[in-house]
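Given next are the chains, with one letter for each unit.
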Amino acid sequence: MPSYTAQNICSTVFVMSKAVSRAAWVMIGFALIAASLHIFGRGGELNNLIYLIAAAQVIVAVAIGTVVNKPDRRVWPALLLLVSFLIAAQIFDNRDSDSISTQVISEALFLTVQLILVCGLFVTVQNRIGRDALNVIFDSLIIGLGSWFLIWVVFLNPARANSQDVFSVTAVRGITLASSAVVIFMLATLLFGDSERTPAVWLASGAISCSLVGDFLYATNQSGRLQINEQITNSPYVVSLFLVSATILHPSVSTLSSHTAVRSKQPLLGRLVLTTAALVLPVVVLALTTPTDETDRTVRAVSVFVLALAVTTRVIFSVRASASLQERLIDSAQTDALTNLPNRGLMLEHVSTAIIKSRFNGCSPTVLFIDVDRFKNINDSLGHSAGDDVLISVAQRLRVALPERCIVGRISGDEFVVLDAKSKNQSDAVLLADMVLESFHEPLSLRQGDVFVSASIGVAVHDQEITMTADDLLRHADTAMYRAKDAGRNCVAIFDKSMLERVNQRLAVETALYRALERRELRLVHQPIIDIDLGDVIGFEALMRWDMEDGMTVSPAEFIPIAEETGIIVPIGSWALLEALTHLRGWINQGICRRDATMSVNVSPRQLHDPNFVAVVNEALMRSRMPADQLWLEVTEGVMITQPEQALDTLRRLSEIGVRVAIDDFGTGYSSLSFLQRFPIHRLKIDRTFINELASDANARSLVKTIIAMANSLGLDVVAEGVETVEQLHALNDLHCGKAQGYLISHPVTPETMASTVAGLDKIGKWPRLRPLK
């Protein structure tokens, strides 16, 4: 029951809010109708009635809007006060009395209305002006001063000369009209601010503008320049009252006196047009009119002087702001935002300057390229905010640890560069690198706790023979840094010419690898796998070879890591999978091997993380017309460490369709029984490093025996790799290892020679009978 009541209340409030919002726009229509009746209506009584209705509806609108829209507490009292004084002023003004006191009270009440309006605008502008406050204020001041000049020339000066009223009435009336310039200044400031201009702002601005129009029409009558019907002069006030109601009834009035969302597009064109008009019009009027007396001349001179002063000040501030902005832009373009260190562009300038100076000072500029080891692990485990804290701490530590002559920069991610423009030789460079390594011996104090980090450092010393530009020196240091990473991280590597040759060779291999597949330079060879007890060939392992067009053969140990790093392994692996299964289907059809023979294909972690890999395997099985259980996918233990959840999902999906999974090179990586339990593993392939000493080393024999026993307990198949001697084969048989492959059995052979290879192996028969001679 309570929830039902709350729901009804919420619905009622929503409906009321929507109705009040619509009423705001209805008030605009009423304003136009009331203004028309006031202008074209006959008789003063009707006009007075319309004015009273307009005044009364403001009070009602304020009461409703305050309850529903809940504006700032200062808004509704100010509006009620303003309307009350405005009604009182109109009552005193409409009295047909020649009493001086009545006229003074009427004009004083009008002046009070202006002052309340100025105070209200001041509070609103103070909260909504935004970031560019100074420029907004000066632009608005220029508009206000220009308006004041026109008000003086067009209204105040003629009224001063032609007025028949006493001085006190004329003075108060002049102050009221002069305060209109302040209102215009405040209104311009409100509209020029960077806060979003809501409907309430536009409605309030319309109400104020209508009130100003009424003041100017009234002043026109007082100046004697033109006689305007009283019905017309009062109609803007009527419209203003209805617009006040529309303002307080619109829901956006709740944010009228607060800083709202910043506008995406600032009104620069509007500000420029209004500011220019406020400058040009006074100049035109000044040129076309002549001062009537000394007072007029003085007022004009002072007004123009103040206006010129405001314009000059605005120009000075604009120039200074532009210079400051340009300086900040240059600084941000050359500085890393996170660490406030020079970025790559600025570091290249520093290195280039050092190289140029080295021609005359005998120094050999040194660049240290520093990479934070395993930074990605910090980001992944502690979050990117912790990663940012690490980078800031590393930057601070480098600045403290290194001599003042060194320039430290951050060029990207977790990579820092140090320039020592005054080093003399390679020894100085090595000492500098050792200082960097030592600085990381202590942990970094983060909000998340202490964190130890290490760094791989590449050192490049300027050599005129191989280093021509700053980019060359930076690139050489980068190359040396990767050599340090390959050496095990947390160490220093110094660049030499041989590194450049290796880098160029690697780049050439990488470039050629992109087209190797389409040029059909890649091919597969296969190594048979035998059943030791039966002597039968029960399967094959597909191995990739690359013969380039120029006749050079690239080792798999060289191009496979490059293919994995660049991602080319994905299309190459898809090709190899289909090619291997197609070869197996051909051999079965030709009777070369058993119908249940299997094919083992190596799979990289990059392939397992490919979301399309399962579909690729399915397509290869379908196109080769091979059963899924005759395909073995060989993965390394590292797959179970790098993004294990993603690899686990892929392997499970493959296992569900019947594909079997083998752990290749078992025992050389991160062996873990927990991973063997979690992952759908069906076979262990014992690495050749254990097989090499199997016949002569008791420890190796014990290890292999343990692996076989563990595999048997888990129900896993076992294959021994790298069998090269009869002794190794018989030792495996004694340990009850069922399958083997290696050079003793067969080298990897081409698909075309597989028939003769299998036939030769079949002639041997049972391998255990081949005992060595005593």
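These numbers come from a predicted model, not from an experiment.

Caption draft 1: Representation of the overall build of the protein chain within the structure. A count of helical and extended segments in the protein chain gives 26 helices and 16 strands. Looking at the protein chain residue by residue over its 774 residues, the buried ones come to 47%. When the accessible surface of the protein chain is totalled, it reaches about 38500 Å², and 59% of it is carbon and sulfur.

Caption draft 2: Quick look at empty space enclosed by the protein. Per the counting criterion, the structure on display carries 1 cavity of 30 Å³ or more. The computed volume of the largest cavity comes to approximately 30 Å³. As for the largest cavity, its lining consists of Gly 573, Ser 574, Leu 577, Val 601, Val 603, Gln 607, Phe 613, Val 616 and Leu 633. Of all elements in the fold, only helix H18 (569–590) and helix H20 (613–624) reach the threshold of two or more residues within the lining of the largest cavity. Examining the composition of the lining of the largest cavity, we find that 3 residues originate from one element, H18, more than from any other.

Caption draft 3: Spotlight on helix H12 (residues 375–382). Among the residues of H12, Phe 375, Ile 378 and Asn 379 are the ones counted as buried. Mapping the buried residues of H12 onto a view down its axis gives an arc of 95°, with all of them on the same face. In this structure, H12 carries Lys 376, Asp 380 and Ser 381 as exposed residues pointing more than 90 degrees from its buried face. The secondary structure elements touched by the buried residues of H12 are strand S1 (366–372), helix H13 (384–401) and strand S5 (449–451). Positive phi appears at Gly 383, one or two residues downstream of H12, with a value of about 105°.

Caption draft 4: Representation of a nonpolar patch on the surface within the structure. Taken together, the side chains of Val 302, Phe 305, Val 306 and Leu 309 make up a nonpolar region of the molecular surface, amounting to roughly 370 Å² of accessible area. With a relative accessible area of 47%, Leu 309 lands in the partly exposed category.

Caption draft 5: Layout of the confidence of the model for the protein chain. Scored by pLDDT, the protein chain has a mean of 80; 83% of the residues are at 70 or more. For the protein chain, helix H1 (residues 2–40) is the element with the lowest average pLDDT, namely 47, and strand S11 (residues 598–602) is the one with the highest, namely 96. Here residues 1–21 scores under 50 on pLDDT; set against residues more than four positions off or in separate chains, the count is 9 contacts.

Caption draft 6: Here's a closer look at the packing of aromatic side chains. This structure, assessed with the given rule, holds 2 aromatic pairs. Here Phe 540 and Trp 587 contribute two aromatic rings whose centre-to-centre distance is 4.8 Å and whose plane-to-plane angle is 55°, an arrangement assigned as tilted. Of this pair, Phe 540 sits in strand S9 (residues 537–547) while Trp 587 sits in helix H18, placing them 47 residues apart in sequence. Both rings, one in Trp 546 and one in Phe 559, keep their centres 5.5 Å apart while their planes meet at 85°; by these two values the pair is edge-to-face. Of the two residues, Trp 546 is situated in strand S9 and Phe 559 in helix H17 (residues 556–566); the sequence distance between them amounts to 13 residues. Like Phe 559, Trp 546 is buried. Positioned above the aromatic ring of Trp 632, the side-chain terminus of Arg 683 is 3.8 Å from the ring centre.

Caption draft 7: Seen up close, the environment of Gly 146. Examined against the element boundaries, Gly 146 turns out to sit in helix H5 (residues 133–162). Owing to a relative accessible area of 2%, Gly 146 belongs among the buried residues under this scheme. Distance in space between the C-alpha atoms of Gly 146 and Ala 277 is 8.4 Å, their sequence separation being 131 residues. In contact with Gly 146, not counting residues within four places along its chain, are Ala 278, Pro 282 and Leu 307.

Caption draft 8: The sheet that holds S1, seen in detail. Judged by pairing direction, the sheet is mixed, and its 5 strands sit side by side in the order S2-S3-S1-S6-S7 without closing on themselves. In the strand order of this sheet, the two ends are held by strand S2 (407–412) and strand S7 (492–494), each with one partner. Taking the axes of each pair of neighbouring strands and ignoring which way they run, one obtains an average angle of 20° across the sheet. Sheet topology places S1 next to strand S3 (residues 415–420); 6 bridges connect them, and they run antiparallel. Within the sheet, the bridge partner assigned to Phe 369 lies in S3 and is Val 417. On top of the sheet, helix H14 (residues 426–439) reaches S1, S3, strand S6 (455–461) and S7; it is set at about 165° to S6, its chief contact.

Caption draft 9: The pairing of S6, seen in detail. Within S6, 6 of the 7 residues are buried, leaving the element largely enclosed by the surrounding structure. As defined by bridge partners, S1 adjoins S6 across 7 bridges and the pair is classed as antiparallel. Paired with Thr 366 across the bridge in S6 is Val 461. Between the parallel pair S6 and S7, the chain is carried across by helix H15 (residues 470–486), and the sense of this crossover is left-handed.

Caption draft 10: Structural context of the pattern of salt bridges. For the structure shown, the criterion picks out 20 salt bridges. With a closest N to O distance of 2.6 Å, Asp 547 and Arg 523 form a salt bridge. Placement of the pair is Asp 547 in strand S9 and Arg 523 in strand S8 (residues 522–531), with a sequence separation of 24 residues. For the salt bridge of Lys 739 with Asp 717, the shortest nitrogen-to-oxygen distance reads 3.0 Å. With Lys 739 in strand S16 (residues 739–740) and Asp 717 in strand S15 (residues 717–720), this residue pair connects regions lying 22 residues apart in the sequence. One connected set of salt bridges, linked through shared partners, spans Arg 344, Asp 471, Asp 472 and Arg 475.

Caption draft 11: Molecular detail of helix H10 (residues 294–334). Between its terminal C-alpha atoms H10 stretches 60 Å, which fits the 60 Å expected from 41 residues at 1.5 Å a residue. For H10, the full list of buried residues reads Asp 296, Val 299, Arg 300, Ser 303, Leu 307, Ala 310 and Arg 314. Two to three positions downstream of the cap, the backbone nitrogen of Thr 295 sits 3.2 Å from a side-chain oxygen, assigning the N-cap of H10 to Asp 293.

Caption draft 12: Spatial organisation of the packing of H20 against helix H21 (residues 644–656). Between H20 and H21, the least distance of the axes is 10 Å, while the angle of their chain directions is 25°. What the angle tells us is that H20 and H21 run roughly parallel. For the pair H20 and H21, the crossing hand works out as right-handed. Each of Phe 613, Val 614 and Val 617 in H20 lies in contact with H21, whose residues at this interface are Thr 650, Arg 653 and Leu 654. Its residues placed into classes, the contact of H20 with H21 shows 4 nonpolar, 1 polar and 1 charged.

Caption draft 13: Fine view of the side chain of Asp 687. Assignment of secondary structure puts Asp 687 in the loop between strand S14 (683–686) and helix H23 (688–691). Put simply, Asp 687 is tucked away with no salt bridge, and the nearest opposite charge, on Arg 688, sits 5.4 Å away. If we ignore the near neighbours within four places in the chain, the residues touching Asp 687 are Asp 665, Phe 666, Thr 668 and Glu 721.

Cut-offs used in this document
- Sequence positions are assigned chain by chain, starting from 1 and proceeding in written order.
- Only residues with pLDDT of at least 70 are given local features in this predicted model, and only at 80 or more are side-chain atom pairs given and counted; all residues enter the totals for whole chains, interfaces and linings.
- Only hydrogens and water are removed before side-chain values are computed, so all heavy atoms of the structure are retained for them.
- We count a stretch as a helix when DSSP gives it H or I for four or more residues in a row; a strand needs E for two or more, and each element gets its number in order from the N terminus.
- Only protein chains enter the accessibility calculation, which uses a 1.4 Å probe; a residue whose area is less than 20% of its type maximum is buried, one above 50% is exposed, and one in between is partly exposed.
- Surface accessibility in these figures is a Shrake-Rupley result with a 1.4 Å probe; residues are shielded only by whichever protein chains are displayed.
- Here a cavity denotes a set of grid points, spaced 1 Å apart and computed over the protein atoms alone, in which a 1.4 Å probe fits but from which it cannot get out, and a pocket denotes an open set meeting protein on both sides within 12 Å along at least five of seven lines; residues with an atom within 4 Å of a point are reported as lining.
- Grid points are joined across faces, edges and corners, and a volume is the space filled by probe spheres set on the points.
- The arc in question is traced by the directions running from the helix axis to the C-beta atoms.
- Contacts are assigned to residue pairs that have any heavy atoms within 4.5 Å of one another.
- Like charges are joined within 9 Å and nonpolar side chains (Val, Leu, Ile, Met, Phe, Trp, Tyr) within 5 Å, but only among residues with over 30% relative accessible area and no salt bridge; these make up the patches.
- A pairing counts as a salt bridge when a side-chain nitrogen of Lys or Arg comes within 4 Å of a carboxyl oxygen of Asp or Glu.
- Each residue gets a pLDDT score, which is the predictor's confidence in that residue and runs from 0 to 100.
- Note on aromatic pairs: the rings of Phe, Tyr and Trp (six-membered ring only in Trp) are paired at centre separations within 6.5 Å, and the planes decide the class, stacked below 30 degrees, edge-to-face beyond 60, tilted for the rest.
- Ring-over charges, as used throughout, are those where CZ of Arg or NZ of Lys falls within 6 Å of the ring centre and within 35 degrees of the ring normal.
- Strands are labelled as partners when DSSP assigns at least two bridges between them.
- For helices, the fitted line uses only the C-alpha atoms of the stretch in contact; every axis is such a line through C-alpha atoms, and the angle between N-to-C directions lies from 0 to 180 degrees.
- The definition of a right-handed crossover adopted here requires that, viewed with the strands pointing away, the path from the first strand over the helix to the second runs clockwise.
- The length a helix should cover is 1.5 Å for every residue beyond the first.
- Nitrogen and oxygen atoms within 3.5 Å of one another constitute a polar contact, given that in protein one can donate a hydrogen and the other can accept it, and given that sequence-neighbouring residues count only through two side-chain atoms.
- If an angle is under 35 degrees, it is roughly parallel; if it is over 145, roughly antiparallel; if it lies from 65 to 115, roughly perpendicular; otherwise it is oblique.
- The sense of a crossing depends on the near helix, which, turned anticlockwise from the far helix by less than a right angle, makes the crossing left-handed and, turned clockwise, makes it right-handed.
- For this classification, Asp, Glu, Lys and Arg are treated as charged, while Ala, Val, Leu, Ile, Met, Phe, Trp, Tyr, Cys and Pro are nonpolar and the rest, including Gly, are polar.
- Positive charges are assigned to Lys and Arg, negative charges to Asp and Glu, while His and the chain termini are left out of the count.

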